[in-house]
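Here's the letter readout for the chains.
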Amino acid sequence: SVCHLFNPAGAMGARVRGFRALACQYTHLALKDVPGAARRRPGTMPAMVVAGLTLLGGPGTAGFISKWYLITAALDEGALGIALIAVVVLGSLMAVVYIWRIVETAWFAPEPSEPREIREAPSVMLVILWLAALANVYFGLDTELQRELASRGAASLLRHLP
């Protein structure tokens, strides 16, 4: 559906912006550089969590809406639909693993004994990151635009069928 093209793109866009905000002081960002980032980057990390929740399909996010539509449509397809639901669930579980590793490291891993001085990302970068993250919440709560785009797309495709 159009929703499932639109929503993950928004989630990934916010995630990429979050990684760019984290990496702005590194020439090479690795997971080993993230311990303590939640404390030292209070503007970046919560927005990355919001984007991660969207990618997982957390309720109240745009990702939830797209997965909801995929699963409800798949339920009408019998055995094939069950296989499709399994793929959606497997994708969400894989996302949980990689997102949790970042969250766990940023919030709960001990900081290095000699922590580098890390400053928050530039304000402009944070504003763009938060706009992207909050857009994922907005489109998860107000689904009218997505439903309208999906309906128009389906009508256009069906109009061309014999």
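What comes next is a walk through the structure. All figures in this text were calculated on a predicted structure; none of them were measured in a lab.

Concerning the overall build of the protein chain
When its secondary structure is counted, the protein chain shows seven helices and zero strands. Beginning at the N terminus, the succession of helices and strands in the protein chain can be written as α-α-α-α-α-α-α. Its C-alpha atoms give the protein chain principal-axis dimensions of roughly 65 × 35 × 25 Å. The buried share among the 162 residues of the protein chain stands at 37%. Taking contacts inside the protein chain between residues at least 6 apart in sequence as the whole, the part at least 24 apart equals 78%. Put simply, the protein chain shows about 9,700 Å² of open surface, and 70% of that area lies on carbon and sulfur atoms.

A few points about the packing of aromatic side chains
The description of two aromatic rings rests on the distance between their centres and on the angle between their planes. Under the counting rule described, the total for this entry stands at three aromatic pairs. An angle of 40° between the planes, with centres 6.1 Å apart, marks the rings of W100 and F108 as tilted. The interplanar angle of 75° and the centroid separation of 5.2 Å between the aromatic rings of Y138 and F139 together place this pair among those described as edge-to-face. In this structure Y138 comes out as partly exposed when scored by relative accessible area, which is 45%.

Observations regarding the packing of helix 3 (residues 45-56) against helix 6 (residues 123-141)
Their axes nearest at 9 Å, the elements helix 3 and helix 6 cross at an angle of 35°. Once helix 3 is placed against helix 6, the crossing between them reads as left-handed. Contacts between helix 3 and helix 6 involve P46, A47, V50 and T54 from the former and L129, W130, A133, N136 and V137 from the latter. Grouping the amino acids of the contact of helix 3 with helix 6 by side-chain chemistry returns seven nonpolar, two polar and no charged.

Some words on helix 6
In this model, helix 6 (19 residues) spans 27 Å end to end at C-alpha, consistent with the 27 Å of a helix rising 1.5 Å per residue. Buried within helix 6 are the following residues: L126, L129, A132, A133, N136, F139 and G140.

Structural notes on the pattern of salt bridges
All chains considered together, the criterion is met by three salt bridges. The closest approach of N and O atoms between R40 and E111, which form a salt bridge, is 3.7 Å. Remark: E111 occurs in the loop between helix 5 (79-108) and helix 6 and R40 occurs in helix 2 (residues 37-40); sequence separation between them is 71 residues. Exposure remark for R40: the relative accessible area of 14% places this residue in the buried category. E148 is the salt-bridge partner of R152, the closest N and O atoms lying 2.8 Å from each other. Within this pair, R152 and its partner E148 are both found in helix 7 (residues 144-159), separated by four residues, close to a single helical turn.

What counts and how
- All residue numbers refer to positions counted from 1 along the written sequence of the respective chain.
- Local features are withheld for residues below a pLDDT of 70 in this predicted model, meaning they are given only at 70 or higher, and side-chain atom pairs are given and counted only at 80 or more; totals for whole chains, interfaces and linings count all residues.
- Side-chain figures throughout are based on the complete set of non-hydrogen atoms in the structure, without hydrogens or water.
- Helix and strand assignments follow DSSP, with helices taken as H or I runs no shorter than four residues and strands as E runs no shorter than two, numbered in order from the N terminus.
- Here's how the labels work: a residue is buried when its accessible area is under 20% of the maximum for its type, exposed when over 50%, partly exposed in between, all with a 1.4 Å probe on protein chains only.
- In what follows, residue pairs with any heavy atoms lying within 4.5 Å of each other are defined as contacts.
- In these tables, accessible area is a Shrake-Rupley quantity obtained with a 1.4 Å probe, and a residue counts as shielded only by the protein chains included in the view.
- Each Phe, Tyr or Trp ring (for Trp, its six-membered ring) is paired with any other whose centre lies within 6.5 Å, and the angle between the two planes then decides the class: stacked below 30 degrees, edge-to-face above 60, tilted in between.
- Each axis is a line fitted through C-alpha atoms, and for a helix only the stretch in contact is used; angles between axes span 0 to 180 degrees, taken between their N-to-C directions.
- What makes a crossing left-handed is the near helix being turned counterclockwise from the far one by less than a right angle; a clockwise turn instead makes it right-handed.
- Following the grouping adopted for this structure description, the nonpolar residues are Ala, Val, Leu, Ile, Met, Phe, Trp, Tyr, Cys and Pro, the charged ones are Asp, Glu, Lys and Arg, and the polar ones are all others, Gly among them.
- By definition here, a helix of n residues has an expected span of 1.5 Å times n minus one.
- Put simply, a salt bridge is a Lys or Arg side-chain nitrogen that is within 4 Å of an Asp or Glu carboxyl oxygen.

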